[in-house]
Amino acid sequence: MARVVLVEDDIEIRRLVAEALAGQGHDVDSAAAALEGLELAVKGKPDLVVMDLGLPDLDGTELLRMIRAVSEVPIIVITARGADEVVVKTLDSGADDYLVKPFSVAQLEARVRALLRRGSAATSDETIQVGGLRIDPAAREASLAGKDLDLSPKEFDLLRVLAERAGEVVSKRALMAEVWREPYGGAERTVDVHLSWLRNKLGETAQEPRYLRTVHGVGVKLVDPNG
Ligand code: CA
């Protein structure tokens, strides 16, 4: 069973899709407009988003980019616009898959299954190792060079999010969204403060970084200092 957020303003299609997904055993939250959908997609931590492109308050590609800015959730776009350029723009904006209306319920179900399979593989509880840093998401434990780190819950989440994307720059906005669940800016200062605490516990400083590298104006990345 997965949590699915459905954003569709057409009441008939919304009902059809919601019933199909519920029939597969999923828990469906529906929204009829983009901003309402954005809130559900961010706060509800869904496993999948199914969304229409033609929405009353915002263009669907805008909604897609807004969700993508703060979340890696798999997204299926359903659209009446099947033109190549629309499909390309949709995928470029961060959609994982799309369906052109009219579509069959069987096709929707197959695509949902495929994306959920991919998603569950990506968010496993497997131990993450980056250099001497070892993070066990299931036990919520972390160690550096074999010594346990005494981290607060937020410090642990911050480290885990960065370690899952080791080598990649993660923006402070994305960190606000994933660790603090505040996608709309929030206080970036909060991220800075926790990063400095985390640095301290890893035995490094901003001036002499090892694992935590700040990329000014972009964000922060976790790297293997010996890699
Ligand atoms: Ca529509």
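All values reported here derive from a predicted model rather than from experimental measurement.

Asker: Lay out the overall build of the protein chain with the relevant residues and their values.
Answerer: Within the protein chain, the secondary structure is distributed over eight helices and 11 strands. Overall, the C-alpha framework of the protein chain stretches about 55 × 35 × 30 Å when taken along its three principal axes. The buried share among the 227 residues of the protein chain stands at 42%. Sequence separation of 24 or more characterises 53% of the internal contacts of the protein chain that already satisfy a separation of 6 or more. Carbon and sulfur atoms make up 48% of the accessible area of the protein chain, which totals about 11,600 Å². Charged side chains of the protein chain number 29 positive and 38 negative; the gap between the two group centres comes to 4 Å.

Asker: Describe the packing of helix 7 (residues 172–180) against helix 8 (residues 188–201), and please don't skip the residues or the numbers.
Answerer: Packed helix pairs are specified by the crossing angle of their axes together with the interaxial distance, meaning the distance between the axes. The interhelical angle for the contact between helix 7 and helix 8, taken along N-to-C directions, is 80°, at an axis separation of 9 Å. In terms of orientation, helix 7 lies roughly perpendicular with respect to helix 8. Side by side, helix 7 and helix 8 meet where Lys 172, Arg 173, Leu 175, Met 176 and Trp 180 of the first sit next to Glu 188, Thr 190, Val 191, Asp 192 and His 194 of the second. In the contact of helix 7 with helix 8, the residues fall into four nonpolar, two polar and four charged.

Asker: Give a detailed account of the coordination of the calcium ion, specifying residues and quantitative values.
Answerer: Distances from the calcium ion to its protein donors, namely Asp 9 (OD), Asp 52 (OD) and Gly 54 (O), fall within the range 2.1 to 2.4 Å. Motif for the calcium ion, donor spacing along one chain: D-x42-D-x1-G. Remark: Gly 54 occurs in the loop between strand 3 (48–52) and helix 3 (60–70) and Asp 9 occurs in the loop between strand 1 (3–7) and helix 1 (11–23); sequence separation between them is 45 residues. For Asp 9, a relative accessible area of 34% translates into the label partly exposed. The partly exposed category is assigned to Gly 54, whose relative accessible area is 32%.

Asker: I'd love a proper account of the domain arrangement of the protein chain, names of residues and values included.
Answerer: Under the domain assignment used here, the protein chain contains domain 1 (3–122) and domain 2 (128–222). Of the roughly 680 Å² buried at the junction of domain 1 and domain 2 (both faces included), carbon and sulfur atoms supply 59%. When the area that domain 1 buries against domain 2 is broken down by residue, the three leading residues are Val 42, Ala 69 and Val 70, summing to 60%. The tally of links from domain 1 across to domain 2 stands at zero salt bridges.

Asker: Provide a residue-level description of the nonpolar core, including the pertinent values.
Answerer: One finds Leu 133, Leu 159, Leu 162 and Leu 222 to be the most contacted residues of the largest nonpolar core, which totals 28 residues. Counting residues per element, the ones that place at least two in this core are strand 6 (128–130), strand 7 (133–136), strand 8 (141–144), helix 6 (153–164), helix 7, helix 8 and strand 11 (219–222). Broken down by element, the residue count for this core peaks at six residues, all from helix 6. Core analysis: the next-biggest nonpolar cluster, separate from the first, contains 21 residues, Val 42, Leu 55, Leu 64 and Val 86 among them.

Asker: Could you give an account of the sheet that holds strand 8, naming the residues involved and the relevant values?
Answerer: Spatial strand order, 6-7-8-9: four strands in an open sheet with antiparallel pairing. The outermost strands of the open sheet, each flanked by one partner alone, are strand 6 and strand 9 (147–148). Here strand 6 pairs with strand 7 via three bridges, running antiparallel. Bridging across to strand 7, Gln 129 finds its partner in Arg 134.

Asker: Please provide a residue-by-residue account of unusual backbone geometry, values included.
Answerer: The amide bond that connects Lys 101 to the next residue, Pro 102, takes the cis arrangement and shows omega of -5°. Locating Pro 102 in the fold gives a position in the loop between strand 5 (97–100) and helix 5 (105–122). Even without being glycine, Arg 140 reaches a positive phi, approximately 55°. Residue position: Arg 140 is located in the loop between strand 7 and strand 8. With phi around 50°, Ala 145 is a residue other than glycine that occupies positive phi space. Following the sequence through the fold, Ala 145 ends up in the loop between strand 8 and strand 9. For Ala 145, a relative accessible area of 66% corresponds to the exposed category.

Asker: Just give me the short version of the sheet that holds strand 1, but keep the residues and values in it.
Answerer: Spatial strand order, 2-1-3-4-5: five strands in an open sheet with parallel pairing. Looking along the sheet, the strands with just one partner apiece sit at the ends: strand 2 (27–31) and strand 5. Averaged over all neighbouring strand pairs, the angle between strand axes comes to 20°, with direction disregarded. The pairing of strand 1 with strand 2 spans five bridges and is classified as parallel. For Val 5, the partnering residue across the bridge sits in strand 2 and is Asp 29. Relative to strand 2, helix 2 (residues 34–43) is tilted by about 150°, and along the sheet it contacts strand 1, strand 2 and strand 3.

Conventions used here
- Residues numbered from 1 in each chain as written.
- Predicted model: local features only at pLDDT ≥ 70, side-chain atom pairs only at ≥ 80, totals over all residues.
- Heavy atoms only, no water.
- Helix = DSSP H or I, 4+ residues; strand = E, 2+ residues; numbered from the N terminus.
- Buried < 20%, exposed > 50% of the residue type's maximum accessible area, 1.4 Å probe, protein only.
- Contact = heavy atoms within 4.5 Å.
- Areas by Shrake-Rupley, 256 points an atom, 1.4 Å probe, with all protein chains shown as cover.
- Lys, Arg positive; Asp, Glu negative; His and termini not counted.
- Charge placed at Lys NZ, Arg CZ, Asp CG, Glu CD.
- Axes fitted to C-alpha atoms, helices over the stretch in contact; angles between N-to-C directions.
- Parallel < 35°, antiparallel > 145°, perpendicular 65-115°, else oblique.
- Nonpolar A, V, L, I, M, F, W, Y, C, P; charged D, E, K, R; others polar.
- Donors = N, O, S within 2.8 Å, 3.2 Å for Na, K, Ca; no water.
- Domains from an automatic or database assignment.
- Buried area = accessible area lost by both parts, 1.4 Å probe.
- Salt bridge = Lys/Arg side-chain N within 4 Å of Asp/Glu carboxyl O.
- Core = buried A, V, L, I, M, F, W, Y, C linked by side-chain atoms within 4.5 Å.
- Pairing = 2+ DSSP bridges.

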